[in-house]
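# Residue-level structural notes
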Amino acid sequence: MTKPTISFEFFPPKTDEGLEKLLVVQKKLLVKSPKFFSVTYGAGGSTRERTWKTVSAVQQEGVETAPHLSCVGQSKDELVELINEYKDAGIRRIVTLRGDMPSGMGAAQSELRYADDLVKLIREVSGDHFHLEVAAYPEMHPQARSFSDDIDHFKRKIDAGANSGITQYFYSADSYAYYMNELEKRGVTAPVYPGIMPITNYANLVRFSDACGADIPRWIRKKLEELQHDDAALKAFGEEVVTRLCERLLAMGAPGLHFYTMNQSVPNLKVLDNLGL
Ligand code: FAD
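If you're wondering where the values come from, they're calculated on a predicted model, not measured in any experiment.

Strand-to-strand pairing in sheets goes through backbone hydrogen bonds, with the strands running parallel or antiparallel. As summarised here, the arrangement of the eight strands in space is β1-β2-β3-β4-β5-β6-β7-β8, forming a closed barrel in which the pairing is parallel. On average, adjacent strands in this sheet sit at an angle of 30° to one another, irrespective of strand direction. By the bridge criterion, three bridges tie strand β2 (residues 36–39) to strand β3 (residues 65–70) in an arrangement that is parallel. Residue phenylalanine 37 lies in a different strand from β3, and its bridge partner there is threonine 65. Contacts from helix α5 (residues 147–159) reach β5 (131–136), β6 (164–169) and β7 (192–196), with the element oriented near 175° to β5.

With that settled, the discussion passes to the site of the ligand. Around the ligand, the surrounding shell holds 23 residues, and the nearest of these are Tyr41, Asp100, Tyr137, Asp150 and Lys157. Residue aspartate 100 places a side-chain N or O atom 2.5 Å away from an oxygen atom belonging to the ligand. A distance of 2.8 Å separates an oxygen atom of the ligand from a polar side-chain atom of histidine 141. For the ligand, the accessible surface in isolation is 980 Å², of which the surrounding protein chains cover 87%. Placement of the ligand is best described as lying within the largest pocket. Taken together, the elements giving at least two residues each to the shell around the ligand come down to α5 and β6. Class assignment for the residues of the shell around the ligand results in nine nonpolar, eight polar and six charged.

One can describe the packing of helix α1 (residues 16–29) onto helix α2 (residues 48–58) by two numbers: an axis separation of 11 Å at closest approach and a directional angle of 40°. For the crossing formed where α1 meets α2, the hand is right-handed. Where α1 abuts α2, its residues Asp16, Leu19, Leu22, Leu23 and Gln26 lie against Lys53, Thr54, Ala57 and Val58.

Glancing now at empty space enclosed by the protein. In the structure shown here, the tally under the stated rule is two cavities of 30 Å³ or more. Size it by volume and the largest cavity reaches roughly 50 Å³. Around the largest cavity, the lining residues are Tyr137, Pro138, Glu139, Met140, Pro142, Gln168, Tyr169, Phe170, Cys212, Gly213 and Ala214. Its residues assigned to classes, the lining of the largest cavity shows eight nonpolar, two polar and one charged. Empty space within the second largest cavity amounts to approximately 40 Å³. Tallied by class, residues from the lining of the second largest cavity come to three nonpolar, no polar and two charged.

With respect to the secondary-structure elements, threonine 51 resides in helix α2. Owing to a relative accessible area of 0%, threonine 51 belongs among the buried residues under this scheme. Distance in space between the C-alpha atoms of threonine 51 and threonine 40 is 6.6 Å, their sequence separation being eleven residues. Ignoring sequence-local partners within four residues, the contact set of threonine 51 consists of Pro12, Val39, Thr40, Tyr41, Pro67, His68 and Tyr86.

This part is about the nonpolar core. One broad rule of soluble globular proteins: the nonpolar side chains tend to lie buried together. Phe154, Tyr171 and Ile199 are the most contacted members of the largest nonpolar core, which totals 79 residues. In terms of residue count, helix α9 (residues 231–251) provides more of this core than any other element does, eight residues in total. Apart from the residues lying within four places of it in its own chain, the contact partners of phenylalanine 154 are Val134, Ala135, Ala136, Gly165, Tyr179, Leu183, Val188 and Val192.

Let us now look at the environment of methionine 197. With respect to the helices and strands, the residue methionine 197 is situated in the loop between β7 and α7 (202–212). Judged by its relative accessible area of 7%, methionine 197 is buried. For the pair methionine 197 and glutamine 168, spaced 29 residues apart in sequence, the C-alpha to C-alpha distance is 9.0 Å. Not counting the four nearest positions on each side in its chain, methionine 197 is found in contact with Tyr169, Tyr171, Leu205, Phe208, Val242, Tyr260 and Met262.

Reading the values: the criteria
- Residues numbered from 1 in each chain as written.
- Predicted model: local features only at pLDDT ≥ 70, side-chain atom pairs only at ≥ 80, totals over all residues.
- Heavy atoms only, no water.
- Pairing = 2+ DSSP bridges.
- Helix = DSSP H or I, 4+ residues; strand = E, 2+ residues; numbered from the N terminus.
- Axes fitted to C-alpha atoms, helices over the stretch in contact; angles between N-to-C directions.
- Contact = heavy atoms within 4.5 Å.
- Near = heavy atom within 4 Å.
- Polar contact = N/O pair within 3.5 Å; in protein donor to acceptor, adjacent residues only side chain to side chain.
- Areas by Shrake-Rupley, 256 points an atom, 1.4 Å probe, with all protein chains shown as cover.
- 1 Å grid on protein atoms, 1.4 Å probe; cavity = no way out; pocket = protein on both sides within 12 Å on 5 of 7 lines; lining within 4 Å.
- Sits in = over half its atoms within 2 Å of the grid points.
- Nonpolar A, V, L, I, M, F, W, Y, C, P; charged D, E, K, R; others polar.
- Left-handed = near helix turned anticlockwise from the far one by under 90°.
- Points joined across faces, edges and corners; volume = space filled by probe spheres on them.
- Buried < 20%, exposed > 50% of the residue type's maximum accessible area, 1.4 Å probe, protein only.
- Core = buried A, V, L, I, M, F, W, Y, C linked by side-chain atoms within 4.5 Å.

Okay, here's the thing in structure tokens:
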């Protein structure tokens, strides 16, 4: 079996002190020889500078670092400027997204409405310079008209020129198996990396999952609810659940794992240690 590809996602810290702390976290994660780090981008370009500053700092360690870039709420000119800046700075990979509208703005104000529009724009502006990752939703994007439509939209992003996918996080390996099977039926062969969210806190996980449409299976939710005031027990349970999930995903042929690190090292390292990676 080829060695699975590991990647780690960060969000851009708000302060210089936060960035210093993140670089300490990054050093610890480097022991797992990640293929790349990625840095998220706030709705409507709200973290444009911070994302760029974080990418610049993180890539100093010599590991490829990919900014996320979303298109809604920004003009085509702004996006082209940023794409060119990234190209000139030697960035080779972008996580290419639609993003969500900043509150108070309607979709009609966006020149580019969907992620496949941004994939096309990046290809127009910079040819094959960038490896483009796009988002995939094994449990369906919450705004999709239907599950099939959403899978067709993923194919549209690949057809527009994206190279690979990273999924929203999920805790049911079967949803990934089903999704990959549906892509295969549509002739999509691009690799899709499962997004892995370690479980470390009950309230945060429930809040995030409700917001992004990720399902927490009832048995996991109930157990976490029971353990929510026992930090050590909750983390141990979360570690076991996520390790088993990753084992199953790799056994069914997932090409690697993309960790939503939440800017922490320990929960991600523990899962990878358990997997022997
Ligand atoms: P799209 O692929 O454009 O899809 C959005 C919705 O529109 C889907 O429901 C799809 O089915 C539908 N759709 C697509 N094309 C069409 C069409 N032509 N006609 C009708 N419907 C269509 N958010 C951030 O703000 N910053 C980040 O850094 C960030 N990073 C992320 C990283 C990953 C790996 C993932 C999975 C998500 C990330 N998100 C991030 C969240 C993401 O921005 C939201 O989920 C957003 O709502 C959708 O973005 P998308 O790129 O998946 O959109």
